[in-house]
Amino acid sequence: MYNLHNRFYSNPEWDSGLHIEVVESKLVVRVPAKILDVCASIQEKITTEFLVAVKATIGKEVVVGSDFYIPRQKATVASVNVEENISGWNAVIHSHPQGMQSFSIVDIESINANNDLSILYEGGSFRVATIRLQKDGLVVLCKTTNIQVVLDRNVLDVDVSNIQQVGYRSCYLHGSEDMFYF
Ligand SMILES: [Zn+2]
């Protein structure tokens, strides 16, 4: 399933029992276009790194919701320190300066190991993400570059009065093969 023969990290400073392993994966991460726009907007105003908290559903696919929160943080061109509890948010996106398209070891041991999903934003795009799986003190971070930005769907109330429906309508009853026409 996952290649477990990758780089092995252990982090005695944080937790003596915590071992972090990074494995390559082909998991798909879907992010709403709105969240990409949010990052672009922040990047226009901020010259340091930054971090945005989001919510992700981890399943066969990893799907990020459109809610976001910018926590209080101290940021430099090489680091972000979040200064409030964001435990209600299980995923984070943080930025790197142009050209730094991979997570640092510090990222792996802190941001990535502490969130279900961590996405790196660089140069206007989402570059790489890790999805966290954990068991018995072992943290496996599944690394993927398969990050798809999806257009947000809006529920619109469109005027369809010019469309005259002719013919029959059919409905299908649960558990029945019968079609009813009316
Ligand atoms: Zn970083």
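Just so it is clear, the structure is predicted and the values come from calculations on it, not from any experiment. Within each chain, residue numbers correspond to sequence positions counted from 1 in written order. In keeping with the model being predicted, local features are shown solely for residues with a pLDDT of at least 70 and side-chain atom pairs are shown and tallied solely at 80 or more, while totals for entire chains, interfaces and linings include all residues.

**With respect to helix α2 (residues 105-112)**
Quick note on the threshold: Remark: C-beta atoms are placed from the backbone, and a residue is labelled buried if 20 or more other C-beta atoms sit within 10 Å of its own, exposed if 12 or fewer do, or partly exposed between those counts. Counting from the N terminus, the helices are the DSSP runs of H or I reaching at least four residues and the strands are the DSSP runs of E reaching at least two. For this quantity, the arc is that covered by the directions from the helix axis to the C-beta atoms.
Listing the buried residues of α2 in full gives Ile108, Ile111 and Asn112. Projected down its long axis, α2 shows its buried positions confined to an angular sector of 115°, all on one face. α2 presents Ile105 and Val106 as exposed residues on the side facing more than 90 degrees away from its buried surface.

**Some thoughts on the environment of Val38**
Selection criterion: Once C-beta atoms are placed from the backbone, any two residues with those atoms within 7 Å are in contact.
In this structure, Val38 sits in helix α1 (residues 33-45). According to the C-beta neighbour criterion, Val38 is partly exposed, with 18 such atoms within 10 Å. Placed 30 residues apart in sequence, Val38 and Phe68 show a C-alpha to C-alpha distance of 8.6 Å. The contacts of Val38, once residues within four sequence positions are left out, are Val52 and Phe68.

**Structural notes on the pairing of strand β11 (residues 138-144)**
Where we set the bar: A pair of strands is treated as paired once DSSP finds two or more bridges between them.
Alignment of strand β2 (residues 19-24) against β11, held across six bridges, turns out to be parallel. Bridged to Val23 within β11 is Cys142. Relative to β11, strand β10 (residues 125-135) runs antiparallel, the two being bridged by seven bridges. Looking at β11, one finds that Ile131 is bridged to Cys142. Two successive antiparallel strands, β10 and β11, enclose a turn made up of two residues, where Asp136 displays a positive phi of approximately 50°.

**Some thoughts on the environment of Asn81**
Looking at the secondary structure, you find Asn81 in strand β7 (residues 80-82). Judged by the 11 C-beta atoms lying within 10 Å of it, Asn81 is exposed. Between the C-alpha atoms of Asn81 and Ile111, which are 30 residues apart in sequence, the distance is 9.7 Å. If sequence neighbours within four positions are ignored, Asn81 has contacts with Gln73 and Lys74.

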